[in-house]
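Listed below, chain by chain, are the residues.
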Amino acid sequence: MSGLPSSIGQYLVDAGFSSTEILILKRLLEEDALTLRQLAAKTGKSPGVLDQALKKLLRKDILSKNYINDGFKYTIHSM
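In what follows, the accompanying structure is described. (Residues numbered from 1 in each chain as written. Predicted model: local features only at pLDDT ≥ 70, side-chain atom pairs only at ≥ 80, totals over all residues. Heavy atoms only, no water.)

1. What about the packing of helix α2 (residues 19–30) against helix α3 (residues 36–43)?
Here's step 1: α3 packs onto α2 with a crossing angle of 105° between their chain directions and a minimal axis gap of 11 Å. Viewed along their axes, α2 and α3 adopt a mutual orientation that is roughly perpendicular. Where α2 approaches α3, its residues Leu-23, Ile-24 and Arg-27 are matched on the opposing element by Leu-39, Lys-42 and Thr-43.
Here's step 2: Partitioned by chemical class, the residues of the contact of α2 with α3 number three nonpolar, one polar and two charged. (Axes fitted to C-alpha atoms, helices over the stretch in contact; angles between N-to-C directions. Helix = DSSP H or I, 4+ residues; strand = E, 2+ residues; numbered from the N terminus. Parallel < 35°, antiparallel > 145°, perpendicular 65-115°, else oblique. Contact = heavy atoms within 4.5 Å. Nonpolar A, V, L, I, M, F, W, Y, C, P; charged D, E, K, R; others polar.)

This is the structure we're talking about:
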């Protein structure tokens, strides 16, 4: 699956998701698992901004943080 359909993107905006959170979800839909640094490189956002959004998505149980190949990577747990 590549990206989010516009209707789902609009639903996420209406549900209170930030543009950074939606950007993270789009990138993780395109690639299975990414580190914080990889997400920063692919989104153009700073690691600090992404860290806050990732923590919020982890608390909502949408993302998982797993130790894969000697590093922590984020994956979509459930939508």
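2. Quick look at the packing of aromatic side chains
Here's step 1: Taken as a whole and assessed by the stated rule, the structure comprises one aromatic pair.
Here's step 2: An angle of 70° between the planes, with centres 5.2 Å apart, marks the rings of Tyr-67 and Phe-72 as edge-to-face.
Here's step 3: Relative accessible area serves as the criterion here: at 55%, Tyr-67 is assigned to the exposed category.
Here's step 4: The ring of Phe-17 carries the charged tip of Lys-60 above its face, separated from the ring centre by 4.0 Å. (Phe/Tyr/Trp six-rings, centres within 6.5 Å; stacked < 30°, edge-to-face > 60°. Buried < 20%, exposed > 50% of the residue type's maximum accessible area, 1.4 Å probe, protein only. Lys NZ or Arg CZ within 6 Å of the ring centre and 35° of its normal.)

3. A few points about the pattern of salt bridges
Here's step 1: For the structure shown, the criterion picks out four salt bridges.
Here's step 2: As a salt-bridge pair, Arg-27 and Glu-30 come within 3.1 Å of each other at their nearest N and O atoms. Of this pair, Arg-27 and Glu-30 are both found in helix α2, three residues apart, which corresponds to roughly one turn of the helix.
Here's step 3: Lys-55 is the salt-bridge partner of Asp-51, the closest N and O atoms lying 3.3 Å from each other. (Salt bridge = Lys/Arg side-chain N within 4 Å of Asp/Glu carboxyl O.)

4. A few points about α3
Side chains that are three or four residues apart share a direction in an α-helix, a result of its 3.6 residues per turn.
Here's step 1: Looking at α3, one finds that the buried residues are Leu-39, Ala-40 and Thr-43. Projected down its long axis, α3 shows its buried positions confined to an angular sector of 100°, all on one face. With respect to the buried face of α3, the exposed residues turned more than 90 degrees away are Arg-37 and Ala-41.
Here's step 2: Among the structural elements, α2, α4 (47–59) and β2 (72–76) are those in contact with the buried residues of α3.
Here's step 3: After α3 finishes, the residue Gly-44 shows a positive phi value of roughly 80°. (Arc of directions from axis to C-beta.)

Remember that the coordinates give geometry; whether it matters functionally is a separate question.
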